[in-house]
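Architecture at a glance
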Amino acid sequence: MANIIDGKRLAQQLTDTITKETANYCKRYPRPCLTIVSSGADPASQIYIRTKLRALEAAGMQSRVIQLSEQVCEAEIAAHIARLNRDDDVDGILVQLPLPSPLESTRILDLLDPKKDVDGFTAENLGRLLTGAPRFIPCTPHGIMYALHAYHIPVRGAHAVVVGRSAIVGKPLAALLTAADATVTLCHSNTRNLAAITRQADILIAAVGCPALITGDMMKEGATVIDVGINRVADPAAPHGKRLVGDVDFEAAAARAAWITPVPGGVGPLTVAMVLRNTLYAAQLRHGCTPAKNTASEAAGC
Ligand code: GUN
């Protein structure tokens with residue numbers, strides 16, 4: 001039976017540290033401030049935003065939300081971003097994804113001032129990640145690297161198989177794992193014979209948003225399994241008729257893996273902790289008082 005990677009506990013420890021760092025920082029500077037730009041009313045996004053706002057508040061940071069309609073056009077979002085880029089009271093800006101169609105997230109994200117881009121999604125910040133000089137590491141991949149480090153799961157020389165090539169998780173995570181000396185295979189919807197590849201993984205990461213795509217027979221005995229999926233599925237026995245499941249068939253995987261992240265309570269809380277970490281870092285950057293090193297960035301090998 002697999003050991004559980006307790007993301008909730010790890011995230012709480014990291015949040016406690018960040019909260020202390022924030023209190024120290026606030027002795028000399030204004031409270032770090034993150035503004036979230038939200039477009040439309042995607043229910044999952046609304047939940048994520050509320051979770052981030054609560055965490056920011058609890059850590060002693062300021063938060064604001066700009067709520068735009070489902071019909072918002074690119075020019076309107078661009079105008080908000082331009083204003084936030086100039087606003088001296090705003091340290092970080094986060095454009096909640098997905099954006100309503102037909103808006104193109106890549107074009108819009110690239111309007112952010114890279115020094116306020118706490119998600120690390122601008123071309124400049126993604127480029128810096130690839131060249132080994134990261135500024136903001138995207139929050140979910142950062143949380144995953146942190147968890148691997150905290151649980152002493154060897155990455156150097158390991159075969160890491162990442163299923164899902166999103167700009168939010170798969171691509172930046174592949175870059176971080178490569179920088180940490182793993183051999184990385186990045187799989188996607190056109191990958192042939194996925195199971196033959198996932199079975200080779202020492203570290204298997206599922207980030208596709210497809211309930212139970214990864215079954216027990218798709219992993220080797222003793223693998224580390226990181227489940228990034230957060231899917232709401234119907235369950236008449238659950239309190240609201242729905243429950244959260246990941247991209248991995250948890251029961252079957254737990255019988256084969258050595259380590260596994262649960263859903264909920266695995267990667268999700270770590271992502272939120274990294275939003276805090278990156279917001280504090282954005283504020284420190286703007287005020288020229290960045291710490292030489294911090295635990296989170298060390299874990300990601302930077
Ligand atoms: N939507 C789902 N995950 C994320 C994330 O990490 N950042 C942003 N901005 N939107 C998301």
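Residues numbered from 1 in each chain as written. Predicted model: local features only at pLDDT ≥ 70, side-chain atom pairs only at ≥ 80, totals over all residues. Heavy atoms only, no water.

1. Thoughts on the nonpolar core
Inclusion rule: As used here, the term nonpolar core means buried Ala, Val, Leu, Ile, Met, Phe, Trp, Tyr and Cys residues forming a set that is joined through side-chain atoms within 4.5 Å. Note on exposure labels: buried denotes an accessible area under 20% of the residue type's maximum, exposed denotes more than 50%, and partly exposed covers the range between, all computed with a 1.4 Å probe on protein chains only. Labels follow the DSSP assignment, with helices taken as runs of H or I lasting at least four residues and strands as runs of E lasting at least two, numbered in each case from the N terminus. A contact between two residues is defined here by any heavy atoms of the two lying within 4.5 Å.
In terms of nonpolar packing, the biggest core is built from 53 residues, with Ile144, Leu148, Leu177, Ile203, Ile205, Ile226 and Val228 touching the most fellow members. When residues of this core are traced back to their parent elements, those giving at least two are helix 1 (7-25), strand 2 (33-39), helix 2 (43-58), helix 6 (139-150), strand 5 (159-163), helix 7 (170-179), strand 7 (203-206) and helix 10 (267-286). Discounting chain neighbours no more than four positions away, the residues touching leucine 148 are Ile153, Val155, Leu177, Ile203, Thr224 and Ile226. Ala201, Met218, Val225 and Val248 belong to the second largest nonpolar core, which has 20 residues in total.

2. Observations regarding the side chain of histidine 159
Inclusion rule: Here a polar contact means two N or O atoms within 3.5 Å. Within protein one must be a hydrogen donor candidate and the other an acceptor candidate, and residues neighboring in sequence count only if both atoms are side-chain atoms.
Residue position: histidine 159 is located in strand 5. Within the structure, histidine 159 has its side chain in polar contact with the backbone oxygen of glutamine 200 (distance 3.5 Å).

3. Details of the packing of aromatic side chains
What counts is decided by this rule: For Phe, Tyr and Trp, rings pair up if their centres lie within 6.5 Å, where Trp contributes its six-membered ring, and each pair is then called stacked (planes under 30 degrees apart), edge-to-face (over 60) or tilted (otherwise). Charges are assigned to positions over rings by a cutoff of 6 Å between ring centre and Lys NZ or Arg CZ, combined with an angular limit of 35 degrees from the ring normal.
Enumeration according to the criterion identifies 3 aromatic pairs in this entry. Stacked on the ring of tyrosine 281, the Lys or Arg arginine 277 has its end atom at 4.8 Å from the ring centre.

4. Overview of the site of the ligand
Heads up, the condition is: For each residue, the test is whether any non-hydrogen atom lies within 4 Å of the molecule or strand; if one does, the residue is near. Using a 1.4 Å probe, accessible areas were evaluated by the Shrake-Rupley method; residue-level cover was limited to the displayed protein chains. Following the grouping adopted for this structure description, the nonpolar residues are Ala, Val, Leu, Ile, Met, Phe, Trp, Tyr, Cys and Pro, the charged ones are Asp, Glu, Lys and Arg, and the polar ones are all others, Gly among them.
Around the ligand, the neighbouring residues are Leu94, Val95, Gln96, Leu97, Asp119, Phe121 and Ile168. Within the side chain of glutamine 96, a nitrogen or oxygen atom sits 3.4 Å from a nitrogen atom of the ligand. Protein chains shield 84% of the accessible area of the ligand, which is 280 Å² for the free molecule. Considering only residue class, the shell around the ligand consists of 5 nonpolar, 1 polar and 1 charged.

Shape descriptors only; they carry no functional weight alone.
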